[in-house]
Amino acid sequence: MAKAPVLTPQAEDFPRWYQDLINKAELADNGPVRGTMIIRPYGYGLWERMQQEMDARIKTAGAQNAYFPLFIPQSYLTKEAEHVEGFAPELAVVTHGGGKELEEPVVVRPTSETIINASFSKWVQSYRDLPLLINQWANVVRWEMRPRVFLRTTEFLWQEGHTAHATYEDARDYAAYIHKEVYEDFMVDVLGIDVLLGRKTPRERFAGAVNTLTLEGMMGDGKALQMGTSHELGQNFAKAFNTQYLSKDGRQELVWQTSWGSSTRMVGGLIMSHGDDSGLRVPPRLAPVQAVVLAIKDDEAVLAKVREIGDRLSAAGVRVQVDDRTDTPFGRRAVDWELKGVPVRIEVGPRDLENGTAMLARRIPGGKEPVALDALAGLLPAVLEEDQALLLRQSRERRESRTSDVATVEQAVEAAAAGGWARIPWADLGEEGEARLAEHSVTVRCLVAEDGSVPDSDDAPGNVAVVARAY
């Protein structure tokens, strides 16, 4: 009788595979309140590495970290009509506190444009105070009707950037800089995901923004996942909160603003972009553990050697963990590390010691080969970079091979139903065609220019709509 697979095969049931992997790789559990999640240590380790890499890029962009309250007066949200209308169905509102009814209900933070702008209106007085570039790492709450761990949860973790500028051009350019130099750089170079950069249509734009820039990743089942967004807010919130500055020529002017964010949704994107039927495959540049050294048997010489290898690899700059838990069967430990997607396993037993070798198992391309013990520290950095490049190449090849050019709404729906993306001229599709797509649960993920760049406007000549089913 064939042994049952550890995970439901992707081809059989992709959503079940996803949930199996989250459970078996010990990434997260469902929380006690519907739609919430408990992020387990290994899953949180992935998020921490994402934070570290993103935070460094955000600071290079000139933004400073701050923190704003979780509770927002309800009156703040009503100041920007489009914003409150866009978020109204998702709001969690507190009406009682300390055993009494509150004089004014407070909203649990769904996003912080309003409360941060209330502060900006006090902090900005002169052109010398601009640009004001703020980021915060926080949790937010959006009451989710169809929860899914990491992808759509009632509470999730994220970073949100908020900036104020003296001119429209400065704000526009900064939003584009974050889009490309922070988000794309991180997602391509660290996550190994070949994201598509584009411009959201008015229908899909962030509530209260005049332009939304997006990064869309194709998942293993051909659906799209919005990995991050950068918004030009124009002067909408500046008008609502009277955020003005005294210009160089002595006039009171409204500031121009941006906001931008990415979240724990990226963990879901990592799983669905790179995972296979054996578990996760974590990009080496992201991996909290790049290599695990396993002792096959409870043997003093073996245990001493795996610890020595661990020290040598750590000294060589590899993030390494030694697994000397020989009271747990080796096969079970090897499967657990495979599920977790650690890029490299180095397996050492008595016979390996006799031969002066270790067995090198590479999770990303697969396969095993013996390697001289003395060569490991010199070999591993190059191996890890090869495997990082392979994941990005596979991500790009999947997106390119599963994206088709179409001429009609019907063809676009057919392409999405077959597990791919479609490209259709925006002049042919338009808002009417976009509404017809939505009837089939297909959306315009973004607009791109004919050459694949980000368009300057919604109606720029040659705009192409990229459409897909999405998470």
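To be clear, the structure that these remarks concern was listed above.
Described in the following lines is the structure provided in the data block.

Criteria and thresholds
- Residues numbered from 1 in each chain as written.
- Predicted model: local features only at pLDDT ≥ 70, side-chain atom pairs only at ≥ 80, totals over all residues.
- Heavy atoms only, no water.
- Helix = DSSP H or I, 4+ residues; strand = E, 2+ residues; numbered from the N terminus.
- Rg over C-alpha atoms; globule rule 2.2 N^0.38 Å.
- Buried < 20%, exposed > 50% of the residue type's maximum accessible area, 1.4 Å probe, protein only.
- Salt bridge = Lys/Arg side-chain N within 4 Å of Asp/Glu carboxyl O.
- Phe/Tyr/Trp six-rings, centres within 6.5 Å; stacked < 30°, edge-to-face > 60°.
- Pairing = 2+ DSSP bridges.
- Axes fitted to C-alpha atoms, helices over the stretch in contact; angles between N-to-C directions.
- Contact = heavy atoms within 4.5 Å.
- Polar contact = N/O pair within 3.5 Å; in protein donor to acceptor, adjacent residues only side chain to side chain.

### A look at the overall build of the protein chain
A tally of regular secondary structure across the protein chain gives 14 helices and 23 strands. In terms of C-alpha radius of gyration, the protein chain reaches 25 Å, essentially the compact-globule figure of 23 Å for 471 residues. With the C-alpha coordinates aligned to their principal axes, the bounding extent of the protein chain is approximately 80 × 55 × 50 Å. Counting only residues that meet the buried cut, the protein chain has 54% of its 471 residues in that class.

### As for the pattern of salt bridges
Scanning the model with the defined rule gives 31 salt bridges in all. We note a salt bridge from Arg307 to Asp324, for which the minimum N-O separation is 3.0 Å. Separated by 17 residues along the polypeptide, Arg307 in helix H9 (residues 300–315) and Asp324 in the loop between strand E16 (320–323) and helix H10 (330–340) bring together distant segments of the chain. One salt-bridge network, held together by shared partners, links Arg49, Glu53, Arg57 and Asp185.

### What to know about the packing of aromatic side chains
Here the structure, examined in full by the defined rule, presents nine aromatic pairs. Summarising the aromatic geometry, the rings of Trp47 and Trp137 are spaced 5.9 Å apart at their centres and angled 75° between planes, so their arrangement reads as edge-to-face. Of the two residues, Trp47 is situated in helix H2 (residues 41–60) and Trp137 in strand E7 (residues 132–141); the sequence distance between them amounts to 90 residues. Both residues of the pair, Trp47 and Trp137, belong to the buried class. When the ring of Phe120 is compared with that of Trp123, the centres are 6.2 Å apart and the planes differ by 45°; the resulting orientation is tilted. A residue pair is termed a helical-turn pair when its members lie 3 or 4 positions apart in one helix, as Phe120 and Trp123 do in helix H5 (residues 113–123) at three residues. Residue Trp123 is classed as partly exposed on the basis of its relative accessible area, which comes to 43%.

### Regarding the sheet that holds strand E6 (residues 100–108)
Ordered by their spatial adjacency, three strands build an open sheet running E4-E6-E5, and the pairing between neighbours is antiparallel. A strand with exactly one partner marks an edge of an open sheet, and here the two such strands are strand E4 (71–73) and strand E5 (93–97). Averaged over all adjacent pairs, the angle separating strand axes in this sheet is 50°, with direction ignored. Sheet analysis places E4 next to E6, joined by three bridges and oriented antiparallel. Across the sheet, Pro73 pairs through a bridge with Val106, a residue of E6.

### Regarding the side chain of Arg445
For Arg445, the location among the structural elements is in strand E22 (residues 443–448). Apart from residues no more than four positions distant in its own chain, Arg445 is found in contact with Lys200, Thr214, Glu216, Ala224, Gln226, Val466, Val467, Ala468 and Ala470.

### Brief notes about the environment of Pro350
Relative to the helices and strands, Pro350 resides in helix H11 (residues 350–355). In sequence terms Pro350 and Ile296 are 54 residues apart; their C-alpha atoms lie 8.1 Å from each other. Non-local contacts of Pro350, meaning those with residues more than four positions away in its chain, are made with Lys297 and Val302.

### Description of the sheet that holds strand E18 (residues 357–362)
The five strands lie next to each other as E16-E15-E17-E18-E19, forming an open sheet whose pairing is mixed. Each of the sheet's edge strands pairs with one partner strand only, and the pair in question is E16 and strand E19 (368–372). Across the sheet, the axes of successive neighbouring strands diverge by a mean angle of 25°, strand direction being ignored. Of the pairings in the sheet, the one linking strand E17 (residues 344–348) to E18 comprises four bridges and is antiparallel in character.

### Quick word on unusual backbone geometry
A cis amide bond, omega -5°, links Leu130 with the succeeding residue Pro131. With respect to the helices and strands, Pro131 occurs in the loop between H5 and E7. Here the phi dihedral of Glu26 falls at roughly 60°; this positive angle occurs in a residue that is not glycine. Positioned with a positive phi, Asn242 is a non-glycine residue whose angle comes to about 55°. Its place among the elements puts Asn242 in the loop between helix H7 (236–241) and strand E12 (244–246). Asn242 gets classed as partly exposed once you look at its relative accessible area, which sits at 46%.

### Section: helix H1 (residues 14–24)
All of the buried residues along H1 are Phe14, Trp17, Tyr18, Asp20, Leu21 and Ile22. Taking the backbone nitrogen of Arg16 as reference, a side-chain oxygen 3.1 Å away marks Asp13 as the first, capping residue of H1. Glu26, located one to two residues past H1, shows a positive phi value of around 60°.

### Observations concerning the environment of Gln51
Summarising the element assignment, Gln51 is placed in helix H2. For the pair Gln51 and Glu80, spaced 29 residues apart in the sequence, the C-alpha separation amounts to 30 Å. The contact partners of Gln51, leaving out residues within four places of it in the chain, are Tyr44 and Trp137.

### Structural notes on the pairing of strand E23 (residues 464–468)
A large share of E23 lies buried, amounting to five of its five residues. Here E23 shows a buried face lined by Val464, Val466 and Ala468 and a second buried face lined by Ala465 and Val467. Bridge analysis of strand E21 (residues 421–425) against E23 gives four bridges, and the strand direction is antiparallel. When the sheet's bridge partners are listed, Ile424 is paired in E23 with Ala465.

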